[in-house]
Amino acid sequence: YELSSFADAFGAYHAADSLYGISNERNSYRSQAKARLRAGNSLRRLRRYEDALVLYQEAYDIYRNLGAAEEQADALDYIAFIQSDQGNKELALETYTRAYDLHIESGDKRDAGFSMSQIGQVQWTLGNYDEAIKAHKRAIDLREETGYRAGQAYSWLKLGGLYKDSGDPANAIAAYQNAAQL
């Protein structure tokens, strides 16, 4: 993406938000939340993290008021990504865990695998190798249950890197081989 594309996307978000705000459509709140997530993604790519967080939080609040657990979890994943990127690892870990729980509650095992993989990554950066290994193995299991092969490969690669960094070359090789088979 070019930066001008993000500026255009953000301008389009504001126009869409105005239209949704006056709309009486049944799904207008859900549409408003989705527009906020998309605009937040554009702002995140521009490294306007605080502005993105505001939009992600607004989307989360809308989804919470609608009782939409799966979408709440998606918004929390976005929030946690920024928290982690800004160095707030403990807070990101809490937020990813809340997202994971909501994904499981809503029956969305595929995205639960994403949240769990991110939990593994944050644990890794905190130096909690045992917890990171458990999280990545759980992510692999979830992704296997849903048949999400690309997600499985990603998690196996991350697990291989984790084993490598923790001084376990035999398991690192096995994990990389598992990724290659997918």
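On a predicted model such as this, the values are computed, not experimentally measured, just so you know. (Residues numbered from 1 in each chain as written. Predicted model: local features only at pLDDT ≥ 70, side-chain atom pairs only at ≥ 80, totals over all residues. Heavy atoms only, no water.)

1. Notes on helix α3 (residues 49–66)
It helps to recall that an α-helix has 3.6 residues per turn; residues three or four apart then point in one direction. Here α3 contains 18 residues, and its C-alpha end-to-end distance of 25 Å stays within 8% of the 26 Å for a straight helix at 1.5 Å per residue. Positive backbone phi, at 75°, marks Gly67, one or two positions downstream of α3. (Helix = DSSP H or I, 4+ residues; strand = E, 2+ residues; numbered from the N terminus. Expected span 1.5 Å × (residues − 1).)

2. Let's talk about the side chain of Arg143
Note on placement: Arg143 falls in helix α7 (residues 129–146). Although Arg143 is buried, it forms no salt bridge, and the closest oppositely charged side chain is Asp111 at an N-O distance of 7.2 Å. Side-chain polar atoms of Arg143 contact the side chain of Ser155, separated by 2.7 Å. When residues no more than four places from it in sequence are discounted, the contact partners of Arg143 are Gly113, Phe114, Ser117, Tyr148, Gly151, Gln152, Tyr154 and Ser155. (Buried < 20%, exposed > 50% of the residue type's maximum accessible area, 1.4 Å probe, protein only. Lys, Arg positive; Asp, Glu negative; His and termini not counted. Salt bridge = Lys/Arg side-chain N within 4 Å of Asp/Glu carboxyl O. Polar contact = N/O pair within 3.5 Å; in protein donor to acceptor, adjacent residues only side chain to side chain. Contact = heavy atoms within 4.5 Å.)

3. Some details on helix α9 (residues 169–181)
Taking 1.5 Å of rise per residue, 13 residues should cover 18 Å, and α9 covers 18 Å from first to last C-alpha, within 8% of that figure. Among the residues making up α9, those that are buried are Ala172, Ala175 and Ala179. Taken around the axis of α9, the buried residues stretch over an arc of 65°, which confines them to a single face. Away from its buried face by more than 90 degrees, α9 exposes Ala170, Ala180 and Gln181. Along its buried surface, α9 packs onto α8 (149–165). (Arc of directions from axis to C-beta.)

4. Some points on the nonpolar core
In this structure, Leu37, Tyr56, Tyr63, Leu76, Ile79 and Ile82 are the most contacted members of the largest nonpolar core, which totals 22 residues. At the level of elements, α2 (28–45), α3, α4 (69–85) and α5 (89–105) are the ones that each hand at least two residues to this core. Once residues lying within four places of it in the same chain are set aside, the contact partners of Ile79 are Leu53, Tyr56, Gln57, Tyr60 and Thr95. Residues Ala80, Tyr100, Ala135 and Leu142 belong to the second largest nonpolar core, which totals 12 residues. (Core = buried A, V, L, I, M, F, W, Y, C linked by side-chain atoms within 4.5 Å.)

5. A few points about the packing of aromatic side chains
Evaluated as defined, the whole model comprises 1 aromatic pair. Taken together, a centroid distance of 5.0 Å and an interplanar angle of 15° make the contact between Tyr56 and Tyr78 stacked. Separated by 22 residues along the polypeptide, Tyr56 in helix α3 and Tyr78 in helix α4 bring together distant segments of the chain. By relative accessible area, which is 0% here, Tyr56 ends up buried. In this structure Tyr78 comes out as partly exposed when scored by relative accessible area, which is 27%. (Phe/Tyr/Trp six-rings, centres within 6.5 Å; stacked < 30°, edge-to-face > 60°.)

6. Some thoughts on the packing of α3 against α4
Two numbers describe how α3 lies on α4: the axes approach to 8 Å, and their chain directions differ by 160°. With respect to their mutual orientation, α3 and α4 come out roughly antiparallel. Note on packing geometry: the crossing formed by α3 with α4 is left-handed. Contact residues: Tyr49, Ala52, Leu53, Tyr56, Gln57, Tyr60, Tyr63 and Arg64 in α3; Glu71, Gln72, Ala75, Leu76, Tyr78, Ile79, Ile82 and Asp85 in α4. The residue inventory of the contact of α3 with α4, partitioned by class, reads 11 nonpolar, 2 polar and 3 charged. (Axes fitted to C-alpha atoms, helices over the stretch in contact; angles between N-to-C directions. Parallel < 35°, antiparallel > 145°, perpendicular 65-115°, else oblique. Left-handed = near helix turned anticlockwise from the far one by under 90°. Nonpolar A, V, L, I, M, F, W, Y, C, P; charged D, E, K, R; others polar.)

7. Quick word on the environment of Met116
When you line up the elements, Met116 lands in helix α6 (residues 109–125). Sequence separation between Met116 and Leu93 is 23 residues; the distance between their C-alpha atoms is 9.8 Å. Once you skip the residues sitting within four places of it in the chain, Met116 turns out to touch Tyr100, Ala135, Arg138, Ala139 and Leu142.

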